[in-house]
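# Descriptive analysis of the structure
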Amino acid sequence: MSSQTVEPGEITWELSTAAWKFVREQPPTFQEHYADIKEAFKVVVCEYINSAGRCDQKALGFSPMGGTADGGELLKVRRPVPGAGKSGGLRVYVAVCCSVKRVLVVDAVMRRDA
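Let us look at the structure shown here.

Parameters at a glance
- Residues numbered from 1 in each chain as written.
- Predicted model: local features only at pLDDT ≥ 70, side-chain atom pairs only at ≥ 80, totals over all residues.
- Heavy atoms only, no water.
- Pairing = 2+ DSSP bridges.
- Helix = DSSP H or I, 4+ residues; strand = E, 2+ residues; numbered from the N terminus.
- Axes fitted to C-alpha atoms, helices over the stretch in contact; angles between N-to-C directions.
- Buried < 20%, exposed > 50% of the residue type's maximum accessible area, 1.4 Å probe, protein only.
- Arc of directions from axis to C-beta.
- Phe/Tyr/Trp six-rings, centres within 6.5 Å; stacked < 30°, edge-to-face > 60°.

For the rest of this paragraph, the subject is the sheet that holds strand 4 (residues 89-97). Strand order across the open sheet formed by 5 strands is 1-5-4-3-2, with mixed pairing between neighbours. Edge positions in the sheet fall to strand 1 (12-15) and strand 2 (62-67), since each of these pairs with one other strand and no more. Averaged over all adjacent pairs, the angle separating strand axes in this sheet is 25 degrees, with direction ignored. Sheet topology places strand 2 next to strand 3 (residues 73-79); 5 bridges connect them, and they run antiparallel.

As structure tokens, then:
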């Protein structure tokens, strides 16, 4: 993406089958707040893209994991979840293709401290 600020509405957001399965399998409390969680996640991803200037930089909560076939980047995004502990929380794997403003949520995992 260019040096201009990117807003969530400018990006095509997609969820893979695995990501939809993750969402459907979460407890009712997650389901009740899913719309808020989703919108907050979009804002955080855009803030990362805007601050990094490109999609391959390590940043707080973002870890590049490699490239994609279409020239994008695969990122692991860590998001805290209340009650999940210090190293627990939500891990979301996204493929970000900055050149076409597309984000595919590949999968997600909920981790809890023991």
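Working note: regular strand, side chains alternate between the two faces of the sheet. Pairing of strand 1 with strand 5 (residues 102-111), which is carried by 4 bridges, proceeds in the parallel orientation. From the neighbouring strand, L15 faces strand 5, where its bridge partner is V105. Taking the residues between adjacent antiparallel strands as the criterion, strand 4 and strand 5 are bridged by 4 residues, where K101 takes a positive phi near 55 degrees.

Turning to helix 1 (residues 17-25), its buried residues are A19, F22 and V23. Around the axis of helix 1, the buried residues are gathered within 95 degrees of arc, so they sit on the same side. Exposed side chains of helix 1 directed beyond 90 degrees from the buried face belong to T17, R24 and E25.

One pass over the full model with this rule turns up 3 aromatic pairs. Ring centres of F22 and F30 lie 5.9 Å apart, and the angle between their planes is 85 degrees; on these two criteria the pair is classed as edge-to-face. Note on accessibility: F22 and F30 belong to one class, buried. Among the aromatic residues, those joined into a ring-pair cluster are F22, F30 and Y34.

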